[in-house]
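# A closer look at the structure
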Amino acid sequence: MPDGRPYSGSAWPEPAPGGRKAARRAREAERTGGRRGRTKATVAPEPKRGRRRAGTAVTEPAAPEAGRGRRRRGSGAAGSAAPEPKGHRWAGFVKVVALCAATAAGSMLMLRGNDALDRLASPVVPDSKATAPAAPADAPDPGRVLQIIAHPDDDLYFMNPDLRYSISAGLPVTSVYLTSGEADGINAGSAKQATTAPNKPAYAEARQNGIRAAYAKMATGDRGSAWKRTVVPTRGGGHAEVDVLVARPQVNLVWLQLREAGNVYADVPDSLHGLWDGKVPRLESMLASGTPVKQRFTYTKDQVVQTLVGILEQYKPTTVRSQDPTPGRYPDTKRYTDHQDHFYGARFVQLATAAYAKDVKDRPHFALQNYLGYFNGSLPSALDPDEAKEKLDILDTYAWLDQQNHCGSDAGCGDLKVADHPAGNHWSDSINYARGTGTSWLASDKEHGLWAFKVLDGQVAVWHRQGLIGRWSGPNLLPGTGMDPGVSTVTLKDGRMAAFGTRTSFGAKPADYKREIVYAVQKGPGSEEFGEWQSLGTPETADENWTSDISAPAVSVDGTGQLAAYVRDGAYTLRGRVQQADGSWGPWEKYGGSDLHGTPATATDGAGRRMVFSATSKTVVGWVQPNPGAALGPVTATGLPDTTLPLTAEGREGGVRLWFRKPGSGNVRTALMTGDDGLKLNHLTDLGGLKGFGSVTASGHVLAGRAAGGQLGSDVGWGRPWERSPLMFVGAPSSTMTGKNLVSLAVVGLDARLYVTSSADAPDAHLAPWQPVGPRNAGP
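Residues numbered from 1 in each chain as written. Predicted model: local features only at pLDDT ≥ 70, side-chain atom pairs only at ≥ 80, totals over all residues. Heavy atoms only, no water.

## Description of the packing of aromatic side chains
Between two aromatic rings, the relevant description is the distance of the centres plus the angle of the planes. The condition is simple: Stacked, edge-to-face and tilted labels apply to pairs of Phe, Tyr and Trp rings (six-membered ring for Trp) whose centres lie within 6.5 Å, assigned for plane angles under 30 degrees, over 60, and everything in between, in that order. Where helices and strands are cited, they refer to DSSP runs of H or I of at least four residues and of E of at least two residues respectively, numbered from the N terminus. The buried label applies to any residue whose accessible area, calculated with a 1.4 Å probe on protein chains only, is under 20% of its type's maximum; exposed applies above 50%, and partly exposed to all values in between. Criterion for a charge above a ring: Arg CZ or Lys NZ at most 6 Å from the ring centre, at most 35 degrees from the ring normal.
Taken as a whole, this structure holds 25 aromatic pairs when the rule is applied. Between the aromatic rings of Phe375 and Tyr572, the centroid separation amounts to 6.4 Å while the plane-to-plane angle is 10°, which identifies the pairing as stacked. Linking Phe375 in the loop between β9 (367-371) and α10 (385-399) with Tyr572 in the loop between β19 (563-568) and β20 (574-578), this pair joins segments that are 197 residues apart in sequence. We classify Phe375 as buried; its relative accessible area is 13%. Put simply, the rings of Trp276, Tyr336, Phe343, Tyr344, Phe348, Phe506 and Tyr513 pair up and form one aromatic cluster. Of note, Arg347 hangs over the ring of Tyr513, and the distance from its end group to the ring centre comes to 3.8 Å. Looking at Arg657, its charged tip hangs above the ring of Trp659, at a distance of 6.0 Å from the centre.

Written out as structure tokens, the structure is:
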């Protein structure tokens, strides 16, 4: 097209008008509440644990949890295809989105602060680069979510409940399916597998019908809610089907309909894996029998990337969700821990988002979130019974359990391959992020200024507030692309800050794909300039060994000022490098351990000894320095029970306090670990919570983490109920002590914008109103 847009304006479907009544009906609709045979095989033994009983479905409570008996935590002081509209044809769509955003914002619960903190939280003046005024704190931009997944149902198994939360909040949500998921073409459970004739186009259609029913139910409560289906040309030279939900036209589905591998592990040339490695020059389409797309096509590797770039340009997302591009292998069999379509599809997303960030200038900033796949079934369950039941209800809809022909299709209205066991390998009980679970990305300097570090557009973005009530600057993107989600920060002995993360690089050959640990250091204390990214390499020798499966780095400085960085390697052991007195780094040391998962956590105790902890599938293990400056001691059992993956460590009370979640509950737990005469567990306390999942941040008296419903839940003091903020966010929250008497807390919203709040470090304090930083993120 002359204007460079990926699709013709006239080719995109015009959603049917919904109007205010339709939007209101959709918002008020009550939500109601095995995988495919060889393609979705059980791939890992599940730790033995009792099944949870399904509870009553949660409907996102608006009020805080009732008060409960509380323990006193440690010392309050820190130890250390509805595309962008083109012309009047899309005016109706814009009005619907605006109405949903305004309604969601207007109903949000804002936490009020005391007078002093209200003054501190007054709107800041944007920096000279920011021409738009800051949005009111009670009306955050809802953002736009784009999900790119390999197969129909990967979103339901591995991205829910985040998907349902986004739809329920009224956000524009688009899901893009790379393959048709045709498998062997048999839409039947085990009892009828042998007597059902294979028909790949029909099975692909049945899966599409199941997805449409599941999304309609999440959005409107009615699985039969109507869709408008249209064909659009793609930038890659093929055609895509775009489905718009008539009652909620901000919900779109985009079907690229490429051939799937049909096998979890085996070398199948006609697949995304084969296309990536150059074993085939082109990958063919596999058109569903009911699709309006009638013309077959093929894509080269570059055409797949360009197709995705075109979709990104059309929808202008502020949050992109993708599967895990480096899931690793099992140490004994060396088989992938995830389906090859999942992680090679995610690698195509990496290439596409990098090209989009580089080549498309008129776009908003975007954040990326990766999701763990099959291995969820081998880890402690992250969801509470109510959330797990909600998730399973949607999967039941997709699986078409009642087999009533509500969609009017001869192919079927859902995926009967999973009907025998819609929960899969306990995948309905869990959700885990593969990246971005660290909580140390917000930091304070000696002048009480704040610094925030997150990855936007594949670069590390930095926001800075000068002093306690100074103006904010940012987001300023540090030079250097290819950064993976998740940044860890640490303050060095001389007062400078260092930011650590991982970086993915591509080359001309498939073997050139690699991930490495990198870091950048402030040029001086308080300076907004950072040095170039320096590489610490990787403990892995090649992508072929472990698919570059390294965790994000955990970093800490011990009492001698010695800096160290630790990662979990692809063999599920702990590795680390220590900086020497002359600034050079020692080799990658092997610290042992086994069955380690997620990202390790590290902090320094009151004696200056560094402690490192990692979750396994059954417990938590740790390491401690016998003295500051010494090498880590041996891996030690902590005696803790199984936990969900993200661990947070903070030095306080003379030791290191850990924060984590209780499996199958969402409750926050804490334990104090001490290092005198070896690593010892002192207490394990259950703190309750607002259910939810994921990382917990802790500073002073404030705890915060994701609550059920996707918003931020916070605990702000002794005997107080947990409270729910209005913000939905990407990755993990972060907090820090700002001086001795103030706690600062931050998230990056689904609009890829920084939001901050604060609280006096006192038991009777409140969180101040949330403050958005800088201009609203540009977009449609």
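## What about the sheet that holds strand β11 (residues 450-456)?
Selection rule: Pairing between two strands requires that DSSP report at least two bridges joining them. Note on geometry: axes are C-alpha line fits, over the in-contact stretch for helices, and angles between N-to-C directions span 0 to 180 degrees.
Taken together, four strands build an open sheet; the order of strands is β10-β11-β12-β13 and the sheet is antiparallel. Two strands lie at the open edges of the sheet, namely β10 (442-444) and β13 (472-477), each paired on one side alone. Going from strand to strand, the sheet's axes swing by 20° on average, the running direction of each strand aside. Bridge count between strand β12 (residues 459-465) and β13: four bridges; the pairing is antiparallel. The residue bridging Val462 from the neighbouring strand is Asn476, located in β13.

## Topic: the pairing of strand β18 (residues 554-557)
Residues of β18 alternate between two faces, with Ala554 and Ser556 on one and Val555 and Val557 on the opposite face, all of them buried. By the bridge criterion, four bridges tie β18 to β19 in an arrangement that is antiparallel. The residue bridging Val555 from the neighbouring strand is Ala565, located in β19. The antiparallel pairing of β18 with β19 creates a hairpin that spans five residues between the two strands, and Gly561 there sits at a positive phi of about 90°.

## A few points about the nonpolar core
Operational definition: Joining through side-chain atoms within 4.5 Å is the link that ties buried Ala, Val, Leu, Ile, Met, Phe, Trp, Tyr and Cys residues into a set, and such a set is a nonpolar core. Residue contacts are counted whenever heavy atoms from the two residues lie within 4.5 Å of one another.
Ranked by internal contacts, the top residues of the largest apolar core, which has 57 residues, are Leu156, Ile211, Tyr215, Trp463 and Leu754. Counting residues per element, this core draws most heavily on helix α6 (residues 200-220), which supplies six residues. The contacts of Tyr215, once residues within four sequence positions are left out, are Gln147, Asp155, Leu156, Leu163, Ile167, Ser175, Tyr177, Trp227, Val251 and Leu253. With 41 residues, the next largest nonpolar core counts Val304, Leu308, Ile311 and Phe366 among its residues.

## Focus: empty space enclosed by the protein
Counted only if it meets this: A 1.4 Å probe that fits into a set of points on a 1 Å grid over the protein atoms alone but cannot get out defines a cavity; an open set with protein on both sides within 12 Å along at least five of seven lines defines a pocket, and lining residues are those with an atom within 4 Å of a point. Grid points are joined across faces, edges and corners, and a volume is the space filled by probe spheres set on the points. In the scheme used here, Gly and all other residues not listed as nonpolar or charged are polar, with Ala, Val, Leu, Ile, Met, Phe, Trp, Tyr, Cys and Pro taken as nonpolar and Asp, Glu, Lys and Arg as charged.
Each pocket or cavity is described by its volume, and for the largest cavity that value is around 100 Å³. Estimated volume of the second largest cavity: approximately 80 Å³. Forming the boundary of the second largest cavity are 15 residues, of which Asp162, Arg321, Arg706, Phe729 and Leu750 lie nearest the centre. When residues of the lining of the second largest cavity are traced back to their parent elements, those giving at least two are α5 (162-168), β8 (319-323), β9 and β33 (723-737). Looking at which element gives the most residues to the lining of the second largest cavity, the answer is β33, with four residues. Taken together, the residues of the lining of the second largest cavity break down into seven nonpolar, five polar and three charged.

## Brief notes about the sheet that holds strand β22 (residues 596-604)
Pairing in this open sheet of four strands is antiparallel, and the strands run β22-β23-β24-β25 from one edge to the other. On the outer flanks of this sheet lie β22 and β25 (636-637), each paired with one strand and no other. Here strand β23 (residues 610-616) runs beside strand β24 (residues 620-624); their pairing, made up of five bridges, is antiparallel. Across the sheet, residue Ser614 finds its bridge partner in β24, namely Val621.

## Focus: helix α8 (residues 301-315)
Along an α-helix, residues three or four positions apart point the same way, because every turn accommodates 3.6 residues. Operational definition: Here a helix's expected span is defined as the number of its residues, less one, multiplied by 1.5 Å.
Here α8 spans 22 Å end to end across 15 residues, near enough to the 21 Å set by a 1.5 Å rise per residue. Counting buried residues along α8, eleven of its 15 residues qualify, which places the element largely inside the surrounding structure. Positive backbone phi, approximately 50°, marks Lys316, located one or two places after α8.

## Concerning unusual backbone geometry
Following Asn160, the chain continues into Pro161 via a peptide bond in cis, with omega recorded as 15°. Tracing the sequence through the fold places Pro161 in the loop between α4 (154-158) and α5. Put simply, Gly474 and Pro475 share a cis peptide bond, and its omega is 10°. Within the fold, Pro475 resides in strand β13. The backbone of Thr547 shows a phi angle near 50°, a positive value even though the residue is not glycine. Structurally, Thr547 can be placed in the loop between α11 (543-546) and β18. The exposure class assigned to Thr547 is buried, which follows from its relative accessible area of 2%. Positive phi, normally seen in glycine, also occurs at Glu653, with a value near 60°.

The values are spatial; any link to function lies outside them.
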